[in-house]
Amino acid sequence: MKETNKKWVRNSSDRKAIEEGFYFDEEKAEHICNFFEQFLKVVNGRKAKEPFIPLDWQRDWMMMLNGWRDKDGNRRFKKAFLALPKKSGKSALTSGLALYFGLADGEADPNIVIAATSREQAGIAFDGARDMAINSPALKKLCRVVDSRKRIDITSGDRGQIKVISSDSDRSEGLNCSCVVYDEAHAAKNRDLFDALLYSGIARKQPLFITISTAGFDRNHFFRDEWDYAKKIIDSNVIDIQTFPTIYSAEDKDVDDEKVWLETNPSIPEVLSLEDFRASYMEAKQSPTKWASWLRYRLNVWSSMDKDWLDMEKWKSCTKALDPEELRGKVCYGGLDLSHKQDLTAFVLYFPEYKAFLCWAWTTKYQVQLRNQKNKASYLRFIEDGHLVALDGEVINQDFMEHKICELAKIYNIAACGFDPWAAQQLSMNLENEGIDMASFRQGYGSLSEPTKQLEEMVLTQDLEHFGNPLLQWTASNCMVTQDPAGNLKPDKDKSHEMIDPILCCIMALGLANISRPVGASVYESRGVLRF
């Protein structure tokens, strides 16, 4: 049996593998690196069209992956887990791996799958593999690209194919994969595709399932289970000779320490400069949402929005000494949120020319009394200063709301008004009949993310006017946001400390204002009825 260099023995699983007859084959380890250097070229960036020379960490990782063998020469590892920050060269590595295991691994009838939650995400690595194959005279002779199907047919030798599969397709059953590279598993909605592909190569002698991803934000996600299991192998708390785990993460480390940055980002400075990294750090420190994203994308730390969303000290400074009377007759956009049970009913107008928000809010005397009985924050101070109106009855009368908004439309030039379609369909129809253009504003990430981020930026730069409205300030301080895997944000009523309806109306009004339209013209003349 060949002797294994100690540099390739890194945990108890490696030592156990040697006991069971596995060894490290330097020639096989170098083979995959030589393929990258001799046949692949970088497809984008400042080194585009240059030979793909693996970075030190990439070379080390690929050699570990491919070098360990059993007594018959088959690969030791059936699974590989690689977690690392964004901008580490992940996509290019994924592309190159797909080509190597399809064209140079020696597998009979290779069936290589690049998988991801969305076809678009999987397509990023495929496009890289396609371009690498086309730009290599040697590889170009061995395969045929079927771009419309996101597939590369291997036309010589053992034949086979490289293709894309995503969670939004149903083509994962019945596959006989020799190698799967699953990209960004943290974004998967469930583990159905992951499991289907994981076991798809069970009939192969040396199937390989590679997971390459950045940290997620939901610690209850199945990918966190995979992460924790990989960490146990690294720490020698679990023996698994078939799984190769690698994690570059600043989890449980000093995230403000530049040494930690460099340890976690092995591609600095080749892919990302330290100067740019420092600049992104300084910017992220100014915002809880940016900080959560920075930790996840730059340091590969599982992070979610567990802090207040807005910097309330900066919010308090957002005043331009503007006289509200100046806004009479000016173009503005509305955001309307009707109360469901205990929520506030709120209406906000946003004036883009002045970056100013005017807010009106209503509740019922019944809700005021109920809150007092439950020892919740009292509405009395907002009612006494006129920023909240308490109406008779147990629910807000929609006829009253229609009359009030029509009154405001006579004072201000309301170009359009966004509303949550959940409870305001009839009111919106009535207001349209009164000549106010109404736009259904759905409460998902797609509609709310951009204006949510924009409002946060306006607060950070103190570039808005809220006229010191204490109710608006209170709801802004209550507001928590949630983040999806793509980094989109939206307010979360369930996670927020208290009521957030008025600040949500600000976001809707701001989002509506972002859609350009001829000033003075009906929005229906330019785009018809909006549905967000």
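The following refers to the structure shown. Computed from a prediction, not measured in an experiment: that's the story for all the values here. Along each chain, the written sequence defines residue order, and numbers are assigned to residues from 1. Only residues with pLDDT of at least 70 get local features here, since the model is predicted, and only at 80 or more are side-chain atom pairs given and counted; chain-wide, interface and lining totals rely on the full set of residues. The basis for every side-chain value is the complete set of heavy atoms in the structure, and neither hydrogens nor water enter the calculation.

A word on the overall build of the protein. Scanning the protein from terminus to terminus reveals 20 helices and 18 strands. Oriented by its inertia axes, the alpha-carbon framework of the protein measures out at about 85 × 50 × 40 Å. Each residue's exposure class comes from its accessible area (1.4 Å probe, protein chains only) as a fraction of the maximum for that residue type: buried when under 20%, exposed when over 50%, partly exposed otherwise. Expressed as a percentage of the 532 residues in the protein, the buried residues total 53%. Should any heavy atoms of two residues lie within 4.5 Å, those residues are considered in contact. The long-range share in the protein, meaning contacts at least 24 apart out of those at least 6 apart in sequence, stands at 70%. Method for areas: the Shrake-Rupley scheme with a 1.4 Å probe, in which residue coverage is limited to the protein chains shown. Only carbon and sulfur atoms are counted for the fraction: they give 47% of the accessible area of the protein, which is about 24000 Å². Positive charges come from Lys and Arg alone, negative charges from Asp and Glu alone, with His and the N- and C-terminal ends not counted. One atom stands in for each charge, and that atom is NZ of Lys, CZ of Arg, CG of Asp or CD of Glu. In the protein, the 70 positive side-chain charges and the 79 negative ones have mean positions that sit 5 Å from each other. Per the convention used, a helix needs a DSSP run of H or I reaching at least four residues, while a strand needs a run of E reaching at least two, with both numbered from the N terminus.

What follows is about the layout of surface pockets. Here the largest pocket defines a volume of roughly 930 Å³. Cavity and pocket criteria rest on a 1 Å grid covering protein atoms alone: a 1.4 Å probe that fits but cannot get out defines a cavity, protein on both sides within 12 Å along at least 5 of 7 lines defines an open pocket, and an atom within 4 Å of a point defines a lining residue. What lines the largest pocket is a set of 31 residues, and nearest its centre among them are Val42, Asn44, Gly89, Ala92 and Val271. Grouping the constituent residues of the lining of the largest pocket by class yields 12 nonpolar, nine polar and 10 charged. Grid points are joined across faces, edges and corners, and a volume is the space filled by probe spheres set on the points. For this classification, the nonpolar set comprises Ala, Val, Leu, Ile, Met, Phe, Trp, Tyr, Cys and Pro, the charged set comprises Asp, Glu, Lys and Arg, and every other residue, Gly included, is treated as polar.

This brings us to unusual backbone geometry. Residue proline 269 is reached from isoleucine 268 by a cis peptide bond, and omega for that bond is 5 degrees. Structurally, proline 269 is set in the loop between helix H9 (258-264) and helix H10 (274-284). The residue asparagine 300 is not glycine, and still its phi comes out positive at about 55 degrees. Relative to the helices and strands, asparagine 300 resides in the loop between helix H11 (288-299) and helix H12 (312-316). Relative accessible area serves as the criterion here: at 0%, asparagine 300 is assigned to the buried category. Even without being glycine, glutamine 462 reaches a positive phi, approximately 55 degrees. Secondary-structure assignment places glutamine 462 in the loop between helix H17 (445-460) and helix H18 (470-478). Overall, glutamine 462 belongs to the partly exposed group, its relative accessible area being 37%.

This part covers the sheet that holds strand E3 (residues 79-83). Strand pairing is assigned whenever DSSP detects at least two bridges linking the two strands. Reading across from one edge, E5-E6-E7-E4-E8-E9-E3-E10 is the order of the eight strands in this open sheet, with mixed pairing throughout. Sheet topology places strand E5 (143-146) and strand E10 (243-247) at the edges, where each strand pairs with a single neighbour. Between one strand and the next, the sheet's axes are offset by a mean angle of 15 degrees, whatever the strand orientation. In terms of strand pairing, strand E4 (residues 111-116) meets strand E7 (residues 161-166) through six bridges, oriented parallel. Bridging from a neighbouring strand, asparagine 111 pairs with glutamine 161 of E7. A fitted line through C-alpha atoms serves as each axis, taken over the contacting stretch for helices, and the angle formed by two N-to-C directions is quoted from 0 to 180°.

Here six strands make up an open sheet; going across it, the order is E14-E13-E12-E11-E15-E16 and the pairing mixed. The open sheet has two edge strands with one neighbour each: strand E14 (389-391) and strand E16 (438-440). Across the sheet, the mean angle from the axis of one strand to that of its neighbour is 20 degrees, orientation sign disregarded. Those strands touched by helix H15 (residues 398-411) are strand E11 (331-337), strand E12 (345-351), strand E13 (356-364), E14 and strand E15 (413-419), and its axis lies near 160 degrees from that of E13.

Attention shifts here to the pattern of salt bridges. Note on definitions: salt bridges are taken to be side-chain nitrogens of Lys or Arg within 4 Å of carboxyl oxygens of Asp or Glu. Taken as a whole and judged by the stated rule, the model has 36 salt bridges. Residue lysine 16 is joined to glutamate 19 by a salt bridge in which the shortest nitrogen-to-oxygen separation is 4.0 Å. With lysine 16 and glutamate 19 both in helix H1 (residues 12-19) and three residues apart, this pair spans about one turn of that helix. Using a relative accessible area of 33% as the deciding quantity, one classes lysine 16 as partly exposed. Judged by its relative accessible area of 63%, glutamate 19 is exposed. With a shortest N-O distance of 3.2 Å, lysine 90 and glutamate 184 are connected by a salt bridge. Note that lysine 90 is positioned in helix H4 (residues 90-103) and glutamate 184 in the loop between strand E8 (179-183) and helix H7 (192-198), a separation of 94 residues in sequence. Residues lysine 90 and glutamate 184 agree in their burial class; the two are buried. Linked by salt bridges that have partners in common, Asp127, Arg130, Asp131, Asp147 and Lys150 make up one network.

Interhelical geometry of helix H3 (residues 56-67) versus H4 gives an angle of 35 degrees and a closest axis separation of 13 Å. Between H3 and H4 lies a crossing whose hand is right-handed. Of the residues in H4, those touching H3 at Trp57, Gln58, Trp61, Met62, Leu65 and Asn66 are Leu93, Leu97, Tyr100 and Phe101. Tallied by class, the residues present in the contact of H3 with H4 amount to eight nonpolar, two polar and no charged. Note on convention: the crossing is left-handed when the near helix lies turned anticlockwise from the far helix by less than a right angle, right-handed when the turn is clockwise.

Next up on the list: the pairing of E15. A large share of E15 lies buried, amounting to six of its seven residues. Where E11 lies against E15, six bridges are found, and the strand directions are parallel. Looking at the pairing, tyrosine 333 lines up with alanine 416 of E15. When the strands point away from the viewer and the path from the first strand over the helix to the second turns clockwise, the crossover is right-handed. Taken together, E15, helix H16 (residues 425-433) and E16 constitute a β-α-β crossover, and its handedness is right-handed.

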